[in-house]
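Summary of structural features
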Amino acid sequence: MPRAVQFIRSVPRWLWVRSLAGRWPEIATGSFSCLQFAEVAPPPLPRPNWVRLAPRLSGICGSDLSTIACKGSPYFSPFVSTPFVLGHEVVGEIVETGSATPSNLRSGMRVVLEPALGCEVRGMETPCRPCAAGQYANCENILRGCLQGGFQTGYCASTGGGWSHASLVAHPSQVHPVPDALSDEEAVLAEPLACSLHAALKAPREKEKTLLVIGCGTIGLLLIAAYRMTGGQGRVLAVARFPHQAEMARQLGADECIGLRPPAALYQWVLERTGSLDAGGGIYQPELGKPVVLGGADAVLDCVGIGPTMDDALRLTRPGGLVLLVGMPGIPSGIDWTSAWYKELRVHGSYAYGWETLPGGRRVKTIQLALELLAASGGRLRPLVSKKLPLTEFRAAIAHAFHTEQPGNFKTVFDLRV
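The structure displayed is predicted, hence computed values, not measured ones.

Glancing now at the sheet that holds strand β4 (residues 84-85). Spatial ordering of the open sheet is given by β2-β1-β4, a layout of three strands whose pairing is antiparallel. The outermost strands of the open sheet, each flanked by one partner alone, are β2 (35-39) and β4. Pairing geometry for strand β1 (residues 3-7) and β4, over two bridges, is antiparallel. Within β4, the residue paired with F7 across the bridge is F84.

Here is the structure:
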């Protein structure tokens, strides 16, 4: 029987991991965690038009790590079905077609998975409002239709997931052929690049605008690349935790990058580079708490999603500017929302993707655009896949993914080809 990395529902285990994994990360994958490397049967095709995929590479996403460490919000717990096989960043091969599969999908094709499980995938005759508008990642029928609950493949017991030798199943709308010139290592970046594209296309694009990207993990780096690859001309400032992230941010299009600094030093750096000091802005110390700022960037994109970075994003955005929440936030604390009110900020979330209307008017699926940009990039993003490990070494792979402080460590993927 093939094996897969499954997440099981257990409140005692969830509480155990949540309380201790921050101090001892190995607990998140240990014997009393919510993970198991189990023998699983290949999932059946839900409908005759579905296909079966054998994963080739499957990435470890920040949201996967949050799930494994049980440190995120329980917000999504009603919207998943367990046990589910993890893995929603997938490049794989079609190994089975159904009796009604469209003729353009054939066994042997290399494809990228689009994981959202919206109305079309679930076989709903009448789409919900978000799906009708092309925003199927926000589907309101994620507990209905021909599948068990789940907002994405990788969080649904019916579909299987990428961290598996048992295959997974996908609706025809979820699979996108990979151009021949694209390596598996580049193609597995299509899903996270699509997430970053969805955010980057919301940012101001004019050259006189300044963007501040907080956090240069994989999503932050891909966001910088996506902004430049889609013609964004604004000045891009970036905050990176580690030197190798800062260097990569500059290579992918950031104009300047800074490492972690105390709030006052970071605020001074941003105000100097946005022209805020010359325009009357400044930094002021209230009786309690962090400094407050007059001035700031036109848009601040928080790719971390923790209280301190979200608080900095609010403080460092100019009046009337845009705060874009890209990182998965969980339940952050310590955020002073006064600046959002006082400066009339536009605070906007950015989750997954769907259809995009590009500046030139073209309408395209985000993940299709991601594949096109990867194919045109000349391998520029390939170094972001920095570690490949077999599924049997899942504990080592997850541990490596947690330790992004190691030089050159960007994204870890499972190699299902071995």
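This next bit is on the nonpolar core. Formed by 58 residues in total, the largest nonpolar core has its most connected members in I224, L301 and L381. Among the secondary structure elements, those contributing two or more residues to this core are α6 (190-200), β9 (210-214), α7 (218-229), β10 (235-239), α8 (243-252), β14 (297-302), β15 (317-325) and α12 (366-376). When neighbours within four sequence positions are excluded, L381 is seen to be in contact with L189, L193, L222, A225, M229, L252 and L374. In this structure, C34, I68, F84 and C131 belong to the second largest nonpolar core, which totals 35 residues.

So, on to the environment of V91. Topologically, V91 is positioned in strand β5 (residues 89-97). C-alpha of V91 to C-alpha of K202: the two residues are 111 residues apart in sequence and 27 Å apart in space. Setting aside residues up to four positions removed in sequence, V91 forms contacts with P55, R56, L57, R110, V111, V112, V178, D184, A187 and V188.

Attention shifts here to the packing of α6 against α12. At a closest axis distance of 8 Å, the pairing of α6 and α12 adopts a crossing angle of 110 degrees. By the angle class used here, α6 and α12 are roughly perpendicular. Of the residues in α12, those in contact with A190, E191, L193, A194, L197 and H198 of α6 are T366, I367, L369, A370, L371, L373 and L374. Its residues assigned to classes, the contact of α6 with α12 comprises ten nonpolar, two polar and one charged.

A separate point is the sheet that holds strand β16 (residues 346-349). Strand order in the open sheet made by the six strands is β11-β10-β9-β14-β15-β16, with parallel pairing throughout. Among the strands making up the open sheet, the edge pair consists of β11 (256-258) and β16. The mean angle between the axes of side-by-side strands here comes to 20 degrees, regardless of whether they run parallel or antiparallel. Judged from the three bridges that link them, β10 and β11 form a sheet pairing that is parallel. Looking across to β11, one finds that V239 is bridged to I258. Each of β9, β14, β15 and β16 touches helix α10 (residues 307-315); the most contacted strand, β15, lies at about 150 degrees to it.

Calculation criteria
- Residues numbered from 1 in each chain as written.
- Predicted model: local features only at pLDDT ≥ 70, side-chain atom pairs only at ≥ 80, totals over all residues.
- Heavy atoms only, no water.
- Pairing = 2+ DSSP bridges.
- Helix = DSSP H or I, 4+ residues; strand = E, 2+ residues; numbered from the N terminus.
- Core = buried A, V, L, I, M, F, W, Y, C linked by side-chain atoms within 4.5 Å.
- Buried < 20%, exposed > 50% of the residue type's maximum accessible area, 1.4 Å probe, protein only.
- Contact = heavy atoms within 4.5 Å.
- Axes fitted to C-alpha atoms, helices over the stretch in contact; angles between N-to-C directions.
- Parallel < 35°, antiparallel > 145°, perpendicular 65-115°, else oblique.
- Nonpolar A, V, L, I, M, F, W, Y, C, P; charged D, E, K, R; others polar.

Honestly, that's just the spatial picture; any functional story needs more than this.
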